[in-house]
Amino acid sequence: MKVPWLVKEKIAKAASGLIADYEAVAGYPVAPPVPVEDIIERSLGLTLSFEDLETILGSKGVLGATYVGARLICINERLLEQGPEGRLIFTCAHEVGHWVLHRRYAQAAMRQASNGDVIVCRTGNARERIEWQADYFAGCLLMPQKEVVSAFHEAFARDALVLHNMKSAIGPPSLFVDPCVENWARIAAMVCEAGGFTNVSMHAMIIRLQELGLLINRTDAPVGWRESPTIC
Ligand SMILES: [Zn+2]
């Protein structure tokens, strides 16, 4: 499905607006971990369901689906079995992103009979604009900028970490984090712990830190795309 380009600020504003809506419903301020399942059901009034989506849709690699007309968010039930909840919660937040940002386009596509009013998310579609927007929304929802910056400052007492090296120059055991690519998961874990981000993965946090300019990678190696042997 084709969707218009959106600036990051507009996506972030949509996510913070949703948190504000939820706070009005719940009657208390939200702090991490952001209760995305409760937001889906209480604030948006949607049904959240866990299903064998690959069988239902006859397609492999399905993570989640948003059924606009039915006001239903479905998550692949296999994510419930896959260890830490980070990926499950991120997928829930990603589908919320589709609901907030894209449901009108799904409805328009249905009216044109070119598609159903369902947005299906598969592992191989991450580079599509619609999927990138939903991922960015999920990051903003689960890891609000203000809380991430505060946690980062608490963990590292500086404005940003700049990575110049792939490997640590400090051999284990070390009481300090040597900012380098191989320590990416430890850096993310320290921010998660400082900010109470207990429902996000290290992978999601390290991406968010880079998006916010808190982690600057000066090496040629990608940060966070491979599991680190140190933590995770
Ligand atoms: Zn998606």
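Since the structure is predicted, the reported quantities are computational estimates derived from the model, not experimental observations.

Next up on the list: the overall build of the protein chain. Broken down by element type, the protein chain carries 8 helices and 6 strands. Listed N to C, the secondary structure of the protein chain is α-α-β-α-β-β-α-β-α-α-β-α-α-β in terms of helices and strands. A globule of 232 residues ought to have a C-alpha radius of gyration of about 17 Å, and the protein chain, at 18 Å, matches this closely. For the protein chain, the spread of C-alpha atoms along the principal axes amounts to about 60 × 40 × 35 Å. Counting only residues that meet the buried cut, the protein chain has 45% of its 232 residues in that class. Of the contacts made within the protein chain by residues no fewer than 6 positions apart, 64% connect residues no fewer than 24 positions apart. Roughly 12100 Å² of accessible area belongs to the protein chain as shown, and the carbon and sulfur atoms make up 52% of that amount.

So, on to a positive patch on the surface. A cluster of basic residues, Lys-10, Arg-71, Arg-103 and Arg-104, forms a positive patch at the surface. With respect to the helices and strands, Lys-10 occurs in helix α1 (residues 8-26). Residue classification places Lys-10 among the exposed positions, given a relative accessible area of 53%.

In terms of nonpolar packing, the biggest core is built from 65 residues, with Val-36, Val-96, Leu-141, Leu-142, Ile-187, Met-205 and Leu-209 touching the most fellow members. Counting contributing residues, this core receives three or more from each of domain 1 (8-142) and domain 2 (145-217). Residues in contact with Val-36, not counting those within four places in the same chain, are Ile-89, Cys-92, Ala-93, Val-96, Leu-141 and Leu-142. Grouped together as the second largest cluster of nonpolar side chains are 5 residues, Leu-53, Ala-65, Cys-74 and Val-120 included.

Tallied over the entire structure, the rule returns 0 disulfides. Free of any disulfide, Cys-140 has its nearest neighbouring cysteine sulfur in Cys-192, separated by 16 Å.

What follows deals with the packing of aromatic side chains. Here the structure, examined in full by the defined rule, presents 3 aromatic pairs. Residues Tyr-22 and Tyr-28 carry aromatic rings whose centres are separated by 6.4 Å and whose planes lie at 90° to one another, so their mutual orientation is edge-to-face. Residue Tyr-28 is classed as partly exposed on the basis of its relative accessible area, which comes to 39%. Taken together, a centroid distance of 5.2 Å and an interplanar angle of 45° make the contact between Phe-152 and Phe-156 tilted. In this pair, Phe-152 and Phe-156 both sit in helix α6 (residues 145-156), 4 residues apart, roughly one turn of the helix. Overall, the relative accessible area of 0% leaves Phe-152 in the buried class. Taking relative accessible area as the criterion, Phe-156 reaches 13% and is therefore assigned buried.

Right, let's talk about the pattern of salt bridges for a bit. Oppositely charged side chains can form a pair if their charged atoms are brought close together. Tallied over the entire structure, the rule returns 4 salt bridges. When the shortest N-O distance is used, the salt bridge between Lys-167 and Glu-182 registers 3.7 Å. Of this pair, Lys-167 sits in the loop between β5 (161-163) and α7 (184-195) while Glu-182 is found in the loop between β5 and α7, placing the two residues 15 residues apart along the sequence. Look at Lys-167 and you get exposed, because its relative accessible area is 61%. Glu-211 is the partner of Arg-208 in a salt bridge, and the nearest nitrogen-oxygen pair spans 3.3 Å. With Arg-208 and Glu-211 both in helix α8 (residues 202-211) and 3 residues apart, the pair spans about one turn of that helix.

Moving on, we get to the domain arrangement of the protein chain. Domains assigned within the protein chain are domain 1 (8-142) and domain 2 (145-217). The distance between the C-alpha centroids of domain 1 and domain 2 comes to 26 Å. The interface of domain 1 with domain 2 comprises 12 residues on the first partner and 11 residues on the second. Summed over both sides, the interface between domain 1 and domain 2 buries roughly 940 Å², with carbon and sulfur atoms accounting for 56% of that surface. Here domain 1 and domain 2 share 0 salt bridges between them. Inspection of the domain 1/domain 2 interface yields 2 residue pairs in polar contact (both at pLDDT 80 or more). Elements represented by at least two residues in the side of domain 1 that touches domain 2 include exactly α4 (86-111) and α5 (129-142). A total of 4 residues in the side of domain 1 that touches domain 2 trace back to one element, the largest contributor, which is α5. Counted by class, the side of domain 1 that touches domain 2 contains 9 nonpolar, 2 polar and 1 charged residues.

The rules we used
- Residues numbered from 1 in each chain as written.
- Predicted model: local features only at pLDDT ≥ 70, side-chain atom pairs only at ≥ 80, totals over all residues.
- Heavy atoms only, no water.
- Helix = DSSP H or I, 4+ residues; strand = E, 2+ residues; numbered from the N terminus.
- Rg over C-alpha atoms; globule rule 2.2 N^0.38 Å.
- Buried < 20%, exposed > 50% of the residue type's maximum accessible area, 1.4 Å probe, protein only.
- Contact = heavy atoms within 4.5 Å.
- Areas by Shrake-Rupley, 256 points an atom, 1.4 Å probe, with all protein chains shown as cover.
- Patch = residues over 30% accessible without salt bridge, like charges linked within 9 Å, V, L, I, M, F, W, Y side chains within 5 Å.
- Salt bridge = Lys/Arg side-chain N within 4 Å of Asp/Glu carboxyl O.
- Lys, Arg positive; Asp, Glu negative; His and termini not counted.
- Charge placed at Lys NZ, Arg CZ, Asp CG, Glu CD.
- Core = buried A, V, L, I, M, F, W, Y, C linked by side-chain atoms within 4.5 Å.
- Domains from an automatic or database assignment.
- Disulfide = S-S within 2.5 Å.
- Phe/Tyr/Trp six-rings, centres within 6.5 Å; stacked < 30°, edge-to-face > 60°.
- Buried area = accessible area lost by both parts, 1.4 Å probe.
- Polar contact = N/O pair within 3.5 Å; in protein donor to acceptor, adjacent residues only side chain to side chain.
- Nonpolar A, V, L, I, M, F, W, Y, C, P; charged D, E, K, R; others polar.

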